[in-house]
Amino acid sequence: MPFKITQYALMILIGLGMLSGCATSIKQLPVYTGESAVHPLKGDEQKFINLQYLGIGGYLFRYGKSALITAPMFTNPSLFKLASLTQLKTDEGLVDRLLPPVEDVEIILIGHTHYDHLMDVPYIMKKHASKAVVYGSKTMGHIMAAAVDKSRIVTVGTCAAKGKTPGQWIYNQDRTIRFMAIESEHAPHFAGFKLLPERPYKKDLKRLPRTVFGWVEGQIYTYLIDFLDEQGGIVFRVHYQDAASNPPFGFVPELPANDQKRVDLAILCVASFTQVNNYPEGIIKDMRSKNIVLGHWEDFFRRQGKPVKALRATNVGNFIKRLEAVLPEDSKWFLPKPFTKMHFLLNEK
């Protein structure tokens, strides 16, 4: 164990050293800040999917009286804190200040279990989203067992889609939302290497991980999310991915005829996109989504409240060029600033 920790510590120090340069200005990027709505609201929000980008992999979806959130994270440890293996803790006051109201959230989806996707979730579930159930990998379940009652933790491995084989749908109580987990992968961080351990946990933890190395990767999942009308018809379909992957990982499986539908909104991950092949081209060509939102693009080592900058060692402009080269003619894309609100019109009957 000491050898492994030292080995990983050396890797992360090298990697963080490469990332230690200044984050990139966003002045030349077409950042979407919500000045004009994707579809302007006209007093009837029942006709819209309301989406707020919370930063990194965090998105808050609202549909009528139903709400779902993905990987909310606001505590941004500095590079120095990560490299020095300082104990990581949720900044509870910061979360209280920045988190939108989520008392009605029923579902929290976790794609993987690195600190920047899961660390704030235990506190949010206890203090703000007391009705929510968290879904993710077995490793997610073992980590969350240290802080949340097991009745509020569901692992999705046995019902996830694998390759072209579809998985099982999981519904909320009112059957207004359903989702399917899809087995995926996480891109290396740099030069083909991953800075954090991949190993899964095999038993429940007694306390939450203390350092960055404890927030291991676990199994990676992408999610297909459907918002449903009263008859169970699909009115809006979302494909959510929080880690770049090699094709065909994360692709929509071959669904039966009654479940087939074009994706209305695809959420892609900019971070580490150069560390995998044909990303985002492959997944865009496969889905041909009507709308695309680019996430995990901003520097999340900065303090909250500081000016937003692009993620270090990441050419966001190049990602955009590659996206536009394969973008369907009737599709739109957005690079939202954290906390930007967006509104997407439901499929018309």
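Right above here is the structure, for reference.
Just so we're clear, the structure is a prediction, and the values are computed from it rather than from any experiment.

Asker: Quick one: what's the story with the overall build of the chain, residue by residue and with numbers?
Answerer: Check the secondary structure of the chain and you find eight helices and 15 strands. Taking all 349 residues of the chain together, 58% fall into the buried category. Counted over contacts in the chain with a minimum sequence separation of 6, partners at least 24 positions apart contribute 73%. Here the chain displays about 15,800 Å² of accessible surface, and carbon together with sulfur accounts for 52% of that area.

Asker: So what's going on with the sheet that holds strand β12 (residues 265–269)? Residues and values would help.
Answerer: Within the open sheet, the eight strands sit side by side as β1-β14-β13-β12-β11-β10-β9-β8. Their pairing is mixed. Whereas interior strands pair on both sides, the edge strands pair on one side only; in this sheet they are β1 (31–32) and β8 (170–171). Relative to strand β14 (residues 332–336), strand β13 (residues 291–295) runs parallel, the two being bridged by three bridges. Along β14, the bridge assignment pairs Asn291 with Lys332. In this fold helix α8 (residues 316–326) packs onto β12, β13 and β14, with an angle of close to 165 degrees to the strand it touches most, β14.

Asker: Give me the nonpolar core: which residues, what numbers.
Answerer: The nonpolar side chains of soluble globular proteins are, as a tendency, buried together. Ranked by size, the top nonpolar core spans 114 residues in total, and within it Phe61, Tyr115, Ile225, Phe227 and Leu294 carry the most contacts. Other than its neighbours up to four places away in sequence, Tyr115 contacts Met73, Pro77, Leu82, Leu88, Val212, Trp215, Phe300 and Phe301.

Asker: Talk me through the packing of aromatic side chains; I want residue IDs and the actual numbers.
Answerer: Evaluation of the coordinates by the stated rule reveals 13 aromatic pairs. Considering the side-chain rings of Tyr63 and Phe227, the 5.6 Å spacing of their centres and the 70 degrees angle between planes classify their relative orientation as edge-to-face. Of the two residues, Tyr63 is situated in strand β3 (residues 58–63) and Phe227 in strand β10 (residues 221–228); the sequence distance between them amounts to 164 residues. Assessed through its relative accessible area of 11%, Tyr63 is described here as buried. The rings of Tyr32, Phe236, Phe334 and Phe344 are connected pair by pair, giving a single aromatic cluster. Stacked on the ring of Tyr171, the Lys or Arg Arg175 has its end atom at 3.8 Å from the ring centre.

Asker: Give me the lowdown on the pairing of strand β4 (residues 66–70), citing residues and values where you can.
Answerer: Across the five residues of β4, five count as buried, placing the element largely inside the fold. What you see with β4 is no split at all: Ser66, Leu68 and Thr70 on one side and Ala67 and Ile69 on the other are buried throughout. As paired elements, β3 and β4 share five bridges and run antiparallel to each other. Counterpart to Leu60 in the pairing with β4 is Ile69. Hairpin geometry of β3 and β4 is characterised by an intervening segment of two residues between the two adjacent antiparallel strands and by a positive phi of about 60 degrees at Gly64.

Asker: An account of unusual backbone geometry is requested, with residue identities and associated values reported.
Answerer: A cis amide bond links Pro247 to the next residue, Pro248, at an omega of 5 degrees. Assignment of secondary structure puts Pro248 in the loop between β11 (234–240) and β12. For Ile56, which is not a glycine, the phi torsion comes out positive at approximately 55 degrees. Within the secondary structure, Ile56 sits in the loop between β2 (48–55) and β3. Judged by its relative accessible area of 3%, Ile56 falls in the buried class.

Asker: Lay out the side chain of Gln241 with the relevant residues and their values.
Answerer: Turning to its location among the elements, Gln241 is positioned in the loop between β11 and β12. A distance of 2.8 Å separates polar atoms of two side chains, one belonging to Gln241 and the other to Ser245. Those residues in contact with Gln241 that sit more than four places away from it in its chain are Ser184, Thr222, Phe249, Gly250, Ile267, Leu268, Cys269, Tyr279 and Ile283.

Asker: Can you tell me about the sheet that holds strand β7 (residues 153–155), naming the residues and giving the values?
Answerer: A sheet is described by the order of its strands in space; here seven strands give the open sequence β7-β6-β5-β4-β3-β2-β15, paired in mixed fashion. Taken across any chain shown, the strands that pair with only one partner, and hence form the sheet edges, are β7 and β15 (341–345). Pairwise comparison of adjacent strand axes, ignoring direction, gives a mean angle of 20 degrees for this sheet.

Thresholds, definitions, all that
- For every chain, the first residue of its written sequence is number 1, and the numbers climb from 1 along that sequence.
- Totals for whole chains, interfaces and linings use every residue, but because this is a predicted model, local features are given only for residues with pLDDT of at least 70 and side-chain atom pairs only at 80 or more, for both listing and counting.
- Computation of side-chain values: all heavy atoms of the structure, hydrogens and water removed.
- Helix and strand assignments follow DSSP, with helices taken as H or I runs no shorter than four residues and strands as E runs no shorter than two, numbered in order from the N terminus.
- Only protein chains enter the area calculation, which uses a 1.4 Å probe; residues under 20% of their type maximum are buried, those over 50% are exposed, and those in between are partly exposed.
- In this description, contact between two residues means that some pair of their heavy atoms is separated by no more than 4.5 Å.
- The protein chains shown are the only cover counted for residues, whose accessible areas, like all others here, come from Shrake-Rupley with a 1.4 Å probe.
- Between any two strands, at least two bridges found by DSSP are needed for them to pair.
- Note on geometry: axes are lines fitted to C-alpha atoms, helical ones only across the stretch in contact, with angles between N-to-C directions running from 0 to 180 degrees.
- Side-chain atoms within 4.5 Å link the members of a nonpolar core, which is a set of buried Ala, Val, Leu, Ile, Met, Phe, Trp, Tyr and Cys residues.
- Aromatic rings from Phe, Tyr and Trp, with only the six-membered ring used for Trp, were paired whenever their centres fell within 6.5 Å, and each pair was classed as stacked if the ring planes differed by under 30 degrees, edge-to-face if by over 60, and tilted otherwise.
- Either the NZ atom of lysine or the CZ atom of arginine qualifies as a charge over a ring when it sits within 6 Å of the ring centre and within 35 degrees of the ring normal.
- N or O atoms closer than or at 3.5 Å make up a polar contact, with two conditions inside protein: a donor-capable atom paired with an acceptor-capable one, and, for residues adjacent in sequence, both atoms drawn from side chains.

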